Amino acid sequence: MLADIDRGRYRPRSLLPEPVDDGAIRYGSPREALAHRLLGDPAGGAEPMGEVKVTKLHAVVGEGRRSRARSSTGSSSAPSRCAFTLDLEGQVTDAWCNCPTYLRSKLREGPAST
């Protein structure tokens, strides 16, 4: 928005020469798009590639919420088990998974990594 303070008006102005395609910028990387597909959020109209089932949710008094889940994809025969803790402000404070990516690099490598 462009402000004309003397007249008390605001006028929209284009910041980019062409409109931005929302689909092109929705995910930060192809790996992030695959993670969303695993959760059932189709990326660009693609079919979901697996499923995640929450197996346990419980509140930890004074700390936050602890969640456990199982995920299955077509690429592996055994489902992955994962767990994470969200503090009272919604930030991840602890996480664990038995998938190869987590076992290799813990939380240093996430969906935005390539």
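Each remark here, short or long, concerns the structure printed above.
In what follows, the accompanying structure is described.

Reading the values: the criteria
- Residues numbered from 1 in each chain as written.
- Predicted model: local features only at pLDDT ≥ 70, side-chain atom pairs only at ≥ 80, totals over all residues.
- Heavy atoms only, no water.
- Pairing = 2+ DSSP bridges.
- Helix = DSSP H or I, 4+ residues; strand = E, 2+ residues; numbered from the N terminus.
- Patch = residues over 30% accessible without salt bridge, like charges linked within 9 Å, V, L, I, M, F, W, Y side chains within 5 Å.
- Areas by Shrake-Rupley, 256 points an atom, 1.4 Å probe, with all protein chains shown as cover.
- Salt bridge = Lys/Arg side-chain N within 4 Å of Asp/Glu carboxyl O.
- Buried < 20%, exposed > 50% of the residue type's maximum accessible area, 1.4 Å probe, protein only.
- Contact = heavy atoms within 4.5 Å.

A separate point is the pairing of strand β6 (residues 92-97). Summarising the sheet, strand β5 (residues 80-87) and β6 pair through 5 bridges and their orientation is antiparallel. Residue pairing for β6: Leu-86 is matched across the bridge by Val-92. Hairpin connection, β5 to β6: the antiparallel pair is bridged by 4 residues, and Gly-90 has positive phi, about 85°.

On the surface, a nonpolar cluster with roughly 420 Å² of combined accessible area is contributed by Leu-15, Leu-16, Val-20 and Ile-25. Residue position: Ile-25 is located in helix α1 (residues 22-25). On the accessibility criterion, Ile-25 (57% relative accessible area) is exposed.

This part takes up the side chain of Arg-66. Its place among the elements puts Arg-66 in strand β4 (residues 64-73). In contact with Arg-66, other than residues within four places in its own chain, are Lys-56, Leu-57, His-58, Val-60, Ala-83, Phe-84, Thr-85 and Asp-94.

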